[in-house]
Amino acid sequence: MSYRILAIDSRPLILRALQSLADENEGLVLEATASNGEEGLRLFARLRPDITVLALRLADFCAAEHLNRFFEIDPTAKILVLANEDGEAEMLRTHEAGALGIVAEDVSAEVLAEAISAVGEGKEYIPKEICASLKTLHPSDRLTETESEVIRMLVGGMLNKEIAFAMDVSENTIKTHLAHIYAKLGVNDRTSATVRAIRLGLVRLN
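None of the values given here were measured: they were computed from a predicted structure.

Thresholds applied
Sequence positions are assigned chain by chain, starting from 1 and proceeding in written order. Reporting in this predicted model follows two pLDDT cut-offs: at least 70 for local features of residues, and 80 or more for side-chain atom pairs to be given and counted; totals over whole chains, interfaces and linings ignore these cut-offs and use all residues. By convention in this description, side-chain values take in all heavy atoms of the structure and omit both hydrogens and water. Helix and strand assignments come from DSSP, with helices taken as H or I runs of at least 4 residues and strands as E runs of at least 2, each series counted from the N terminus. Each residue is placed in one exposure class: buried if its accessible area under a 1.4 Å probe, protein chains only, is under 20% of its type's maximum, exposed if it is over 50%, and partly exposed if it falls in between. Residue contacts are defined here by distance: any two heavy atoms, one from each residue, within 4.5 Å place the two residues in contact. A 1.4 Å probe and the Shrake-Rupley method give the accessible areas. Residues count as covered only by the protein chains that appear here. For this analysis, a salt bridge means a side-chain nitrogen from Lys or Arg found within 4 Å of a carboxyl oxygen belonging to Asp or Glu. Here an angle of 0 to 180 degrees is reported between the N-to-C directions of two axes, which are lines fitted to C-alpha atoms, with helices fitted over the stretch in contact. An angle below 35 degrees is read as roughly parallel, one above 145 as roughly antiparallel, one from 65 to 115 as roughly perpendicular, and any other as oblique. Handedness of a crossing is defined here by the sense of rotation of the near helix relative to the far one, left-handed for an anticlockwise turn of less than a right angle and right-handed for a clockwise turn. Under the scheme applied, nonpolar residues are Ala, Val, Leu, Ile, Met, Phe, Trp, Tyr, Cys and Pro; charged residues are Asp, Glu, Lys and Arg; polar residues are all the others, including Gly. Note: two strands are recorded as paired if DSSP finds a minimum of 2 bridges between them. What a helix should span is 1.5 Å times the count of its residues minus one. What the arc covers is the set of directions going from the helix axis to the C-beta atoms. Consider the strands pointing away from the viewer: the crossover is right-handed when the path from the first strand over the helix to the second runs clockwise.

**Focus on the overall build of the chain**
Here is step 1 of the chain: Within the chain one finds 11 helices and seven strands.
Here is step 2 of the chain: Within the span of the chain, comprising 206 residues, buried residues form 48% of the whole.
Here is step 3 of the chain: Nonlocal contacts in the chain, meaning residues at least 24 apart in sequence, comprise 65% of its contacts between residues at least 6 apart.
Here is step 4 of the chain: Entry remark: accessible area of the chain is about 10,800 Å², with carbon and sulfur atoms responsible for 48%.

Set out below in structure tokens:
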């Protein structure tokens, strides 16, 4: 399997390490690099890479706060975050925001290659030492049949009024359903709910 990678990191040493990793692994192609978040987002929108390797913090971008901007472009984005040891709270928020993988920025080339391959396959990759600090991904309760129908339409890009029309209910009723869905999935907005539903397998994309 071959994966096209977009690397977003301001440190030349990290970018050189990723280039060396790609050179040494036939299935990895470092297609582009960016040194800041805005440039990275532009490249992401244009290239639609298989995997995005993203620094937890950049001068203009914090993955914990801005990861949803990638998912607004592509809800199926596969993102591996490079984190430092003093960013546990941000790692947790980044994980909850939809990052498939999180590894320390100083991991070995072997571990990084393994993480990239796992994320490329759509698998979660978080070392046990990081896992201990993260909350579970799964919702506390199952969605009802009606809530499942609402989330499917939400993932399909329908607006509240369109969902209400399709289900023959009021828009306020849909807002109530969404509030319950957000609570069960542990999210606060439509984009995060969409990402979480896809990752948990609650909705299958065609």
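Now that the structure is up, let's keep going.
**Regarding the pattern of salt bridges**
Here is step 1 of the chain: Applying the stated criterion to the full structure yields seven salt bridges.
Here is step 2 of the chain: The shortest N-O distance in the salt bridge between Glu 121 and Lys 123 comes to 3.0 Å.
Here is step 3 of the chain: Accessibility expressed as a relative area gives 47% for Glu 121, which makes it partly exposed.
Here is step 4 of the chain: Classification of Lys 123 by relative accessible area gives partly exposed; the value is 48%.

**Comments concerning the packing of helix H10 (residues 171-185) against helix H11 (residues 190-199)**
Here is step 1 of the chain: Contact geometry of H10 with H11 gives a least axis separation of 10 Å together with a crossing angle of 55 degrees. As the angle between them shows, H10 and H11 are arranged oblique. In this structure, H10 meets H11 at a crossing whose hand is left-handed. Residue-level contacts link Leu 178, Tyr 182 and Leu 185 of H10 to Arg 190, Ala 193 and Arg 196 of H11.
Here is step 2 of the chain: Residue composition of the contact of H10 with H11, grouped by class: four nonpolar, no polar and two charged.

**Points about the sheet that holds strand E7 (residues 101-104)**
Here is step 1 of the chain: Taken in spatial order, the five strands make up an open sheet running E2-E1-E3-E6-E7, and their pairing is parallel. In this open sheet, the two edge strands, each paired with only one partner strand, are strand E2 (28-34) and E7. With direction set aside, neighbouring strand axes in the sheet form an average angle of 25 degrees.
Here is step 2 of the chain: Of the pairings in the sheet, the one linking strand E1 (residues 3-8) to E2 comprises six bridges and is parallel in character. Counterpart to Leu 6 in the pairing with E2 is Ala 32.
Here is step 3 of the chain: Running over the sheet, helix H1 (residues 12-24) touches E1, E2, strand E3 (51-55) and strand E6 (79-83) and is turned about 160 degrees from E2.
Here is step 4 of the chain: Against the sheet, helix H2 (residues 37-47) makes contact with E1, E2 and E3, and its axis sits at roughly 135 degrees relative to E2, the strand it touches most.

**Digging into H10**
Here is step 1 of the chain: Helix length check: H10, at 15 residues, gives a terminal C-alpha distance of 21 Å against a target of 21 Å (1.5 Å per residue), a fit within 8%.
Here is step 2 of the chain: When we look at burial in H10, the residues that qualify are Ile 174, His 177, Leu 178, Ile 181, Tyr 182, Lys 184 and Leu 185. What you see down the axis of H10 is that its buried residues fit within an arc of 160 degrees, all on one side. Exposed residues on H10 whose side chains face more than 90 degrees from its buried face are Asn 172 and Ala 183.
Here is step 3 of the chain: Where H10 terminates, the next one or two residues include Gly 186, which has phi positive at roughly 70 degrees.

**Looking at unusual backbone geometry**
Here is step 1 of the chain: Even without being glycine, Arg 48 reaches a positive phi, approximately 45 degrees.
Here is step 2 of the chain: Here Arg 48 lies in the loop between H2 and E3.
Here is step 3 of the chain: Its relative accessible area of 41% is what places Arg 48 among the partly exposed residues.

**Concerning the pairing of E1**
Regular strands place their side chains on alternate faces of the sheet.
Here is step 1 of the chain: Here E1 lies mainly inside the structure; five of its six residues are buried.
Here is step 2 of the chain: With H1 bridging E1 and its parallel neighbour E2, the resulting β-α-β unit is right-handed.
Here is step 3 of the chain: Pairing analysis gives four bridges linking E1 to E3, with the strands arranged parallel. Residue pairing for E3: Ile 8 is matched across the bridge by Leu 54.

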